[in-house]
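Coordinate inspection notes
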Amino acid sequence: MPVRSPLMNVMFKAADKAAKGLVRDFGEVENLQVSRKGPADFVSTADLNAQKILRLELSKARPEFGFLAEEADGHPDTSDKSERWIIDPLDGTSNFLHGLGHWAISIAAERAGELIAALVFDPIKNESFWAEKGMGAYSSHKRLRVSGRKDFADCLIATGTPFKGVMHKQPHFTKQLSAVMPMVAGVRRFGAAALDLAYVAAGRYDGYWESGLSPWDCAAGILLVKEAGGFVAPLLPKENPMLSGALIASNSEIHDPFVKLIRSAQ
């Protein structure tokens, strides 16, 4: 049974507290106050309340840490600190707002530019995916391993599709999808990047690619995949996948040909 560090226990406690409000509001989703941030991109009161709880709990435990968070909440910008939290209080907001039970809380801890701890918590399914650098990745107390599938024809691949307002930023997506679909057993689009990456770490997906992500969407998931024995590459060579927001993740068996397949579809 893995022993969670004090840092990881702090993350679990914060996520659990934030999840209680989200689950309650999910049950009242039709009555939520919702405001538009942009085309097909929404923020709910539930989202903001969850971030407030995460910020409060994480700050109490680690006051020296800064924050890189999705929602603007009026707090000073501390994202340049060498130790910081990278948080998404509600990854899969559109799913949440439409009553689809596939969303998660994502928390990553970073020190001097290196991801050191990650937690992706799915309250509806009561699943937690967590990892610490050099210690492996786990779901509850089960060790996570990426899949061992080698043949594309047996592989299930996940992606995130561009939507209204951002289509012009991802002009190559349809080419990428057209290249992948004939090669694999199936392509899934579930709408929560943190869970997509967690599922790669758990061996449920064999690979995943997406562009247009922010650090809070993928930071925790990147560490999960790596600690589960998988690989994460930037969509374009020499970029930082977390900072560029364009990444390719997979098991070790298909990684090189999968990266080549995606990058060639430009």
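Quick summary incoming for the structure in this document. Given the structure is predicted, the values throughout are model-derived calculations rather than measurements. Residue positions are given per chain, counted from 1 along the sequence in the order it is written. Per-residue local features are limited, in this predicted model, to residues with pLDDT of at least 70; the limit for side-chain atom pairs, both in listing and counting, is 80 or more; totals at the level of whole chains, interfaces and linings are taken over all residues. The side-chain values count all of the structure's non-hydrogen atoms but skip hydrogen atoms and water molecules.

**Comments concerning the overall build of the protein chain**
A helix here means a DSSP run of H or I that spans at least four residues, while a strand means a run of E at least two residues long, and both kinds are numbered starting from the N terminus. Of regular secondary structure, the protein chain possesses eight helices and 14 strands. Along the three orthogonal principal directions, the C-alpha set of the protein chain runs to about 45 × 40 × 35 Å. Partly exposed describes any residue whose relative accessible area lies between the buried limit of under 20% and the exposed limit of over 50%, with all areas from a 1.4 Å probe on protein chains only and scaled to the type maximum. Within the span of the protein chain, comprising 266 residues, buried residues form 55% of the whole. For the protein chain, the share of sequence-separated contacts (at least 6 apart) that also reach a separation of at least 24 residues comes to 64%. Here, Shrake-Rupley sampling with a 1.4 Å probe gives the accessible areas, and only protein chains in the shown set may cover a residue. On the protein chain, roughly 12,100 Å² of surface is accessible, and the fraction owed to carbon and sulfur atoms is 53%. Within the protein chain, the 31 negative side-chain charges are centred at a point lying 2 Å from the centre of the 31 positive side-chain charges. It only takes one pair of heavy atoms within 4.5 Å for two residues to be counted as in contact. Counting rule for charge: Lys and Arg are taken as positive, Asp and Glu as negative, and neither His nor the chain ends is counted. Taken as the charge location is NZ of Lys, CZ of Arg, CG of Asp or CD of Glu.

**Focus on the sheet that holds strand β14 (residues 247-250)**
Overall, mixed pairing links the five strands, which are arranged β11-β10-β12-β14-β13 in an open sheet. Every other strand in the sheet has two partners, leaving β11 (186-188) and β13 (231-234) as the edge strands with one partner each. The mean inter-strand angle of the sheet, taken between neighbouring strand axes irrespective of direction, is 20 degrees. Sitting on the sheet, helix α8 (residues 255-264) is in contact with β10 (156-159), β12 (207-210), β13 and β14, with an inclination near 150 degrees to β14. Here a strand pair is declared whenever DSSP counts at least two bridges between the two strands. For helices, the fitted line uses only the C-alpha atoms of the stretch in contact; every axis is such a line through C-alpha atoms, and the angle between N-to-C directions lies from 0 to 180 degrees.

**Considerations on the pattern of salt bridges**
Any Lys or Arg side-chain nitrogen found within 4 Å of a carboxyl oxygen on Asp or Glu counts as a salt bridge. Inspection of the entire model under this criterion finds 10 salt bridges. With a closest N to O distance of 4.0 Å, Arg-24 and Asp-25 form a salt bridge. Judged by its relative accessible area of 55%, Arg-24 is exposed. With relative accessibility at 14%, the residue Asp-25 sits in the buried group. Each member of the salt-bridge network shares a partner with another, and the members are Lys-17, Glu-57 and Lys-60.

**Comments concerning the packing of aromatic side chains**
Two rings from Phe, Tyr or Trp (for Trp, the six-membered ring) form a pair when their centres are within 6.5 Å of each other. A pair whose planes differ by under 30 degrees is stacked, one over 60 is edge-to-face, and the rest are tilted. The tally for this structure, following the rule as stated, stands at 12 aromatic pairs. Between Trp-209 and Phe-258 the ring centres are 6.4 Å apart and the planes differ by 80 degrees, which places this aromatic pair in the edge-to-face class. Of the two residues, Trp-209 sits in strand β12 while Phe-258 sits in helix α8, which places them 49 residues apart along the sequence. Classification of Trp-209 by relative accessible area gives buried; the value is 1%. A relative accessible area of 1% places Phe-258 in the buried class.

**Focus: the packing of helix α4 (residues 173-180) against α8**
Working note: a packed helix pair is described by the angle between its axes plus the distance between those axes. Running from N to C, α4 and α8 cross one another at 140 degrees; their axes reach a closest spacing of 8 Å. In terms of their interaxial angle, α4 and α8 are classed as oblique. Of α8, the residues touching α4 (which contributes Gln-176, Ala-179 and Val-180) are Phe-258, Leu-261 and Ile-262. Here the nonpolar group is Ala, Val, Leu, Ile, Met, Phe, Trp, Tyr, Cys and Pro; Asp, Glu, Lys and Arg are the charged ones; every other residue, Gly included, is treated as polar. Grouping the amino acids of the contact of α4 with α8 by side-chain chemistry returns five nonpolar, one polar and no charged. To sort the angles, those under 35 degrees are grouped as roughly parallel, those over 145 as roughly antiparallel, those from 65 to 115 as roughly perpendicular, and the leftovers as oblique.

**Side note on unusual backbone geometry**
Phi angles above zero are rare outside glycine, and Asn-126 is one such case at about 55 degrees. As for its placement among the helices and strands, Asn-126 is situated in the loop between β6 (114-122) and β7 (127-132). Residue classification places Asn-126 among the exposed residues on the basis of a relative accessible area of 60%. Of note, Lys-238 is a non-glycine position whose phi angle comes to about 75 degrees, a positive value. Take Lys-238: it is sitting in the loop between β13 and α7 (241-244).

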